[in-house]
Amino acid sequence: MPEKNFNILKSRKFTVNKFPELNNVYNNENTYVIFPSESAINLDEFRELVNSNENKIGKCQEEALDDSNIFHVILIDGTWPQASGIFYTNHDLHKLKQIKIDTEYKSEYTVRTQPREFFLSTLETVSIILSTIEQKPKIYDDLVKPLKALCEYQFEFGAQPHQSKEYLIFKGLYNKPLSKKYRNYLTKNSKFLKWSAIKNDST
């Protein structure tokens, strides 16, 4: 990709004062951030918005390349604690509409322990977004293939597959202390419980 087509911004705080070029992005009504809030829309809903927007642009070719008429999706990259910290310390992100990855994909990045069941790596998240919007599952398969190969290579040299922290907790295999608040949160919000119930009903 030509360098003129992208900018790389490195920081923990992405304010307009620090990066003036973000002002138009933050103030664009079509800018979304990937974050699983209660008000977030799912990917199928977002795809419908994108398709509707493309139809409108198709009727007005002169506006097709206008930055205000296209969608921007902000994906925070980092470990889960890092990504959460970046979101909560960047108040401009709180003003944006949000998208959640509400699917039953399980991470292929099994050489690391995910905090929650169905939490995904950055690569997997991007792959799911693109394959869902384009309605082409092969996009996900092609993009995640190197990640699978990486894990398989490490397994060949003695690495062990990891279950999520959430899975270990509910299976009684997690030995570190947990706060009462965190236990209550998992009991109310665990996708693992919902997935287990569905699996049990189908057997």
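Further up the page is the structure itself.
Here's what I pulled together on the structure shown here. (Residues numbered from 1 in each chain as written. Predicted model: local features only at pLDDT ≥ 70, side-chain atom pairs only at ≥ 80, totals over all residues. Heavy atoms only, no water.)

## Let's talk about a nonpolar patch on the surface
Phase 1 of the analysis: On the surface, a cluster of nonpolar side chains totalling about 270 Å² of accessible area is made up of L123, V126, L130 and L143.
Phase 2 of the analysis: For the nonpolar patch, the element with the most residues is helix α5 (residues 122–134), which contributes three residues.
Phase 3 of the analysis: With respect to the helices, strands and loops of the structure, L143 is situated in helix α6 (residues 137–156). (Patch = residues over 30% accessible without salt bridge, like charges linked within 9 Å, V, L, I, M, F, W, Y side chains within 5 Å. Areas by Shrake-Rupley, 256 points an atom, 1.4 Å probe, with all protein chains shown as cover. Salt bridge = Lys/Arg side-chain N within 4 Å of Asp/Glu carboxyl O. Helix = DSSP H or I, 4+ residues; strand = E, 2+ residues; numbered from the N terminus.)

## Some details on the side chain of N90
Phase 1 of the analysis: With respect to the helices and strands, the residue N90 is situated in the loop between α3 (80–89) and α4 (91–94).
Phase 2 of the analysis: When its relative accessible area of 2% is taken as the criterion, N90 is described as buried.
Phase 3 of the analysis: Within the local environment of N90, its side chain forms a polar contact with the backbone oxygen of R12, the two atoms lying 3.0 Å apart. (Buried < 20%, exposed > 50% of the residue type's maximum accessible area, 1.4 Å probe, protein only. Polar contact = N/O pair within 3.5 Å; in protein donor to acceptor, adjacent residues only side chain to side chain.)

## Brief notes about the packing of α5 against α6
Phase 1 of the analysis: Two elements in contact, α5 and α6, have axes whose closest approach is 7 Å; the angle formed by their N-to-C orientations is 165°. Judged by the inter-axis angle, α5 sits roughly antiparallel to α6. Between α5 and α6 lies a crossing whose hand is right-handed. Along its contact with α5, which presents L123, E124, S127, I128, L130, S131 and E134, the element α6 presents P137, I139, Y140, L143, V144 and L147. (Axes fitted to C-alpha atoms, helices over the stretch in contact; angles between N-to-C directions. Parallel < 35°, antiparallel > 145°, perpendicular 65-115°, else oblique. Left-handed = near helix turned anticlockwise from the far one by under 90°. Contact = heavy atoms within 4.5 Å.)

## Here's the deal with the sheet that holds strand β2 (residues 41–42)
Phase 1 of the analysis: A sheet is described by the order of its strands in space; here four strands give the open sequence β2-β4-β1-β3, paired in parallel fashion. Each edge of the open sheet is held by one strand with a lone partner, namely β2 and β3 (72–74).
Phase 2 of the analysis: Pairing analysis gives three bridges linking strand β1 (residues 31–34) to β3, with the strands arranged parallel. Residue pairing across strands places Y32 opposite V73, the latter belonging to β3. (Pairing = 2+ DSSP bridges.)

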